[in-house]
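# Understanding the architecture of this molecule
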Amino acid sequence: MISTEKLIKKRILVIGSNGMLGQRLSGYFLNKEKVELLCASAEEESFIESVEYRQLDIRDKKQVKKIVREFYPDFIINTAAYTNVDGCESNKELAWVVNVTGPENLAFYAHALDSHLIHISSDYIFDGENGPYTENDVPNPISYYGRTKLASENVIKGSRCKFTIIRTNVLYGPAKFGRPDFVKWVVNSLRNNEVIRIVTDQINNPTYLDDLVFGIAKIIELKKEGIYNLAGKELLSRFEFTEKIADYFNLNHNLIKPITTRELNQPAKRPLKSGLVILKAQTELNYKPHSLEETFRLMKKELNL
Ligand SMILES: NC(=O)c1ccc[n+]([C@@H]2O[C@H](COP(=O)([O-])OP(=O)(O)OC[C@H]3O[C@@H](n4cnc5c(N)ncnc54)[C@H](OP(=O)(O)O)[C@@H]3O)[C@@H](O)[C@H]2O)c1
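What comes next is a walk through the structure. (Residues numbered from 1 in each chain as written. Predicted model: local features only at pLDDT ≥ 70, side-chain atom pairs only at ≥ 80, totals over all residues.)

## Thoughts on the overall build of the protein chain
Of regular secondary structure, the protein chain possesses 12 helices and 13 strands. By the compact-globule yardstick of 19 Å for 305 residues, the protein chain fits well, its C-alpha radius of gyration being 19 Å. Its C-alpha atoms give the protein chain principal-axis dimensions of roughly 65 × 40 × 40 Å. Contacts in the protein chain between residues far apart in sequence, at least 24 positions, make up 78% of those at least 6 positions apart. (Helix = DSSP H or I, 4+ residues; strand = E, 2+ residues; numbered from the N terminus. Rg over C-alpha atoms; globule rule 2.2 N^0.38 Å. Contact = placed C-beta atoms within 7 Å.)

## Quick look at the site of the ligand
Neighbouring residues of the ligand: 27 residues in total, closest Gly16, Gly19, Met20, Ala80 and Ala81. Among the elements of the structure, helix H2 (20–30), helix H5 (92–113) and strand S5 (116–122) are those that each provide at least two residues to the shell around the ligand. Among the elements that line the shell around the ligand, the one with the most residues is H2, at 3 residues. For the shell around the ligand, the residue count by class is 12 nonpolar, 12 polar and 3 charged. (Near = placed C-beta within 6 Å. Nonpolar A, V, L, I, M, F, W, Y, C, P; charged D, E, K, R; others polar.)

## Some points on the sheet that holds strand S2 (residues 35–41)
Across a sheet, paired strands are connected by hydrogen bonds in the backbone, their directions being either parallel or antiparallel. Reading across from one edge, S3-S2-S1-S4-S5-S6-S11 is the order of the 7 strands in this open sheet, with parallel pairing throughout. Bordering the open sheet on either side are strand S3 (53–55) and strand S11 (226–229), each of which pairs with just one other strand. On average, each strand axis in the sheet is tilted by 20 degrees relative to the strand beside it, whichever way the strands run. Inspection of the sheet shows strand S1 (residues 10–15) paired to S2 by 6 bridges, in the parallel sense. Bridging across to S2, Val14 finds its partner in Cys39. Each of S1, S2, strand S4 (75–78) and S5 is contacted by H2, which is oriented at about 160 degrees to S2, the strand it contacts most. Running at roughly 160 degrees to strand S6 (residues 162–168), helix H8 (residues 209–222) makes contact with S1, S4, S5, S6 and S11 of the sheet. (Pairing = 2+ DSSP bridges. Axes fitted to C-alpha atoms, helices over the stretch in contact; angles between N-to-C directions.)

## Some points on the nonpolar core
In globular proteins that are soluble, nonpolar side chains generally tend to be buried together. The biggest cluster of nonpolar side chains holds 72 residues, and the ones touching the most others in it are Val14, Ile15, Ile76, Ile77, Leu117 and Leu209. Excluding its chain neighbours within four sequence positions, the residues that come into contact with Ile76 are Leu13, Ile15, Leu106, Ala110, Ser115, Leu117 and Ile118. (Core = buried A, V, L, I, M, F, W, Y, C linked by C-beta atoms within 7 Å. Buried ≥ 20, exposed ≤ 12 C-beta atoms within 10 Å, placed from the backbone.)

## Here's the deal with the environment of Pro174
Here Pro174 shows up in the loop between strand S7 (171–172) and helix H7 (182–191). Beyond its immediate sequence surroundings of up to four residues, Pro174 is in contact with Leu298, Met299, Glu302 and Leu303.

## A few points about the packing of H7 against helix H9 (residues 238–248)
Relative orientation of the contacting elements H7 and H9 amounts to 60 degrees, with a least axis distance of 10 Å. The angle between H7 and H9 places the two elements in the oblique class. In this structure, H7 crosses over H9, and the sense of that crossing is right-handed. Here Val183, Val186, Val187 and Leu190 of H7 come into contact with H9, specifically with Thr242, Ile245 and Ala246. Partitioning the contact of H7 with H9 into residue classes produces 6 nonpolar, 1 polar and no charged. (Parallel < 35°, antiparallel > 145°, perpendicular 65-115°, else oblique. Left-handed = near helix turned anticlockwise from the far one by under 90°.)

## A short note on H7
Helical periodicity: at 3.6 residues per turn, an α-helix aligns residues three or four positions apart in one direction. Where H7 is concerned, the buried positions are Val183, Val186, Val187 and Leu190. Angularly, the buried residues of H7 cover 95 degrees about the axis, an arc narrow enough to put them on a single face. Remark: Asn193 follows H7 within two positions and exhibits a positive phi of approximately 60 degrees. (Arc of directions from axis to C-beta.)

## Describing the pairing of S4
Side chains Phe75 and Ile77 of S4 all project onto a buried face; the interleaved residues Ile76 and Asn78 project onto the opposite face, where all are buried too. The sheet contact formed by S1 and S4 spans 4 bridges and is parallel. Each bridged residue has a counterpart across the sheet, and for Leu13 the counterpart in S4 is Ile76. Relative to S5, S4 runs parallel, the two sharing 4 bridges. Following the sheet pairing, Ile76 is matched in S5 by Leu117.

## Considerations on the environment of Ala246
Take Ala246: it is sitting in helix H9. Separated by 56 residues in the primary sequence, Ala246 and Leu190 place their C-alpha atoms 8.0 Å from one another. Look past the residues within four positions of Ala246 in its chain and what remains in contact with it is Leu190, Leu251, His253 and Ile256.

Shown next, in the form of C-alpha cells:
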C-alpha cells in the first residue's frame, strides 16, 4: 500500500542513471524533499550511492512494463541511449533498438499509466548546414545516430503520451563516473603534454550538465510539454572551446592543433554549423545557463581539476 506521504511526493524515474547526464540528474533529485526517486540503468549496480536502483534494459518491453507498473512514476526521464556516434554506423541494429525501440517502449507505458515522459534528443537530428536551430526547424539527420534520435522523437510524438522532448548538444560537466567529458579530456591531455587535434569547423553551444538538469527540473515544476532546446549560452567552434579551456586552466596552447572534420575522416558525418537556439527555454523556463568560464570554475572546484 502506498502511504499518503509518498502520494504527495513527485515520483520520478530516471533511466540511464549511470550515464553522464543520468548521474547528475539522480544526484540532484536525490536530495529533493518532495521527490520519490527511482533510478534505472543497464548495469547491475548504481554508480551513485544511496539511490533506489533497478537494473533495466529499455529494449525489453516486459522489463519496462514491470518497472513502470511497480513504481507508477509521475515523470519518466529517459537519458539512456546508444551514444557512440561512430559506433552507430557499424552497429545499426543495436543503435535502432536502443535509441528507438527503447523510447517507444517507455512511451507505450507512459501513455498506459498517464506518466509524463521527458526524453533527451540531440542537435544531430539536423544536417548542420544552417545552425543554430530553433525548435521549429526541419530536421535532416546525416548520421545513423541522428536518424535514430529523430526516429525516437517521432515514436514518442505518435504514442499519445504526455511528453517533453529536450534537444541538447555537446554535454560537459562534473560527472564523476564513466568516460571523461570533453573538458576533462582536454585538461588531462594537455597536462600530460599530449598533442590534441581539434576541429575548427564544428560549431555548437556546449551544454553544462547542471544547466541541463536545472532546465529539466523546471520542465517538471511547470509541467511543460512539447519540444525545448536546452544548451549553453556561447556558440563557438570546438577549437575555440578548447582554447578557452586551455586559457582558464593555464595550459599549453601549442599542443592544440587545428584540423578539419574532413581530415579526421570519422565513420559518421558530423553536422558542422550546428548549435541550438535557447530563446524558448530562456523565456518560458527562466533558463539561464552559466558562462563557459563560470562552468570551468565550478568543475575545477567540484572535481579538483
Ligand atoms: N553527450 C552528449 O554530448 C550529448 C549531446 C546531445 C544529446 N545527448 C543525449 O543525451 C542523453 C544522455 O547522454 P549521455 O552523454 O549522458 O549518455 P551516456 O553517458 O552514454 O549514458 C547513457 C546511459 O544509458 C545506459 N544505457 C545504454 N543502453 C541502455 C539500455 N538498453 N537500457 C538501459 N540503459 C541503457 C548506458 O549504459 P552503458 O554505458 O552500460 O551502455 C549509460 O549508462 C542521450 O539521449 C544522448 O543521446 C548527448
